[in-house]
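Examining the three-dimensional arrangement
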Amino acid sequence: QVQLVESGGGLVQAGGSLRLSCAKSGRTLVRHAMGWFRQAPGKEREFVAASTWSDTAYYADSVKGRFTISRDAAKNTVYLQMNSLKPEDTAVYYCADATGFIRVTPPWNVDVWGQGTQVTVSS
């Protein structure tokens, strides 16, 4: 089975940066998408960014221009570079793997979720 292991979360001040990593292990589909979601306290889980099997990137409007999703095929890892962080970005961030594509609105079509990594941005 596919497993996702996340790392890179932490506590930063507003305006700072973090780089999240998601290492994928197990059987990999030829055409799959990987992405990032987040869930803030008291809120529903929301889409953040995704990378399709062809490496086309999609971003939520709230992070566009600040976050960048990328892949390292050799390491079988997906990253989320987060710059100009805001307190509103505080959430648990989840890596996700899906077949073909990742929906940007619920219901999610995610096949495998990571365990989540906490990102806290202080003001």
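See above for the structure.
Our subject in this report is the structure included herewith. (Residues numbered from 1 in each chain as written. Predicted model: local features only at pLDDT ≥ 70, side-chain atom pairs only at ≥ 80, totals over all residues. Heavy atoms only, no water.)

1. Some remarks on the side chain of Thr52
Summarising the element assignment, Thr52 is placed in the loop between strand S5 (46-51) and strand S6 (57-59). Engagement of the side chain of Thr52 in a polar contact is seen with the side chain of Ser54, the distance being 3.0 Å. (Helix = DSSP H or I, 4+ residues; strand = E, 2+ residues; numbered from the N terminus. Polar contact = N/O pair within 3.5 Å; in protein donor to acceptor, adjacent residues only side chain to side chain.)

2. So, the environment of Gly16
Looking at the secondary structure, you find Gly16 in the loop between strand S2 (10-13) and strand S3 (18-25). Judged by its relative accessible area of 21%, Gly16 falls in the partly exposed class. In this structure the C-alpha to C-alpha distance between Gly16 and Phe37, which are 21 residues apart in sequence, comes to 20 Å. Sequence-distant contacts of Gly16, that is, excluding residues within four places in its chain, are made with Met82, Asn83, Ser84 and Leu85. (Buried < 20%, exposed > 50% of the residue type's maximum accessible area, 1.4 Å probe, protein only. Contact = heavy atoms within 4.5 Å.)

3. What about the side chain of Thr90?
Summarising the element assignment, Thr90 is placed in the loop between strand S8 (77-82) and strand S9 (91-99). Polar side-chain contacts of Thr90 include one of 3.0 Å to the backbone oxygen of Pro87. Here the side chain of Thr90 touches Val121 through a polar contact of 2.9 Å, landing on its backbone nitrogen. Look past the residues within four positions of Thr90 in its chain and what remains in contact with it is Ala40, Pro41, Gln118, Val119, Thr120 and Val121.

4. Some words on the state of the cysteines
Per the counting criterion, the structure on display carries one disulfide. Paired through a disulfide, Cys22 and Cys95 show a sulfur-sulfur distance of 2.0 Å. Across the S-S bond of Cys22 and Cys95 the torsion is about -85°, and the bridge reads as left-handed. You can see Cys22 sitting in strand S3 and its partner Cys95 sitting in strand S9, a full 73 residues away along the chain. Exposure remark for Cys22: the relative accessible area of 0% places this residue in the buried category. (Disulfide = S-S within 2.5 Å.)

5. Re the nonpolar core
Formed by 33 residues in total, the largest nonpolar core has its most connected members in Trp36, Val48, Phe67, Leu80, Met82 and Tyr93. For this core, the leading source of residues is S9, giving five residues. The contact partners of Tyr93, leaving out residues within four places of it in the chain, are Glu6, Leu20, Trp36, Phe37, Arg38, Val48, Phe67, Leu80, Met82, Gly116, Thr117 and Val119. (Core = buried A, V, L, I, M, F, W, Y, C linked by side-chain atoms within 4.5 Å.)

6. Digging into the pattern of salt bridges
Counted by the stated rule, this structure contains five salt bridges. Between Asp97 and Lys24 there is a salt bridge; the shortest N-O distance is 2.6 Å. One end of the pair, Asp97, is in strand S9; the other, Lys24, is in strand S3, and 73 residues separate them in sequence. Summarising the burial analysis for this pair, Asp97 and Lys24 share the class buried. Close ionic contact of Lys64 with Asp61 constitutes a salt bridge, the shortest N to O distance being 3.4 Å. Here Lys64 and Asp61 have matching classes, each one exposed. Several salt bridges share partner residues, and in doing so they unite Arg38, Glu46, Arg66 and Asp89 into one network. (Salt bridge = Lys/Arg side-chain N within 4 Å of Asp/Glu carboxyl O.)

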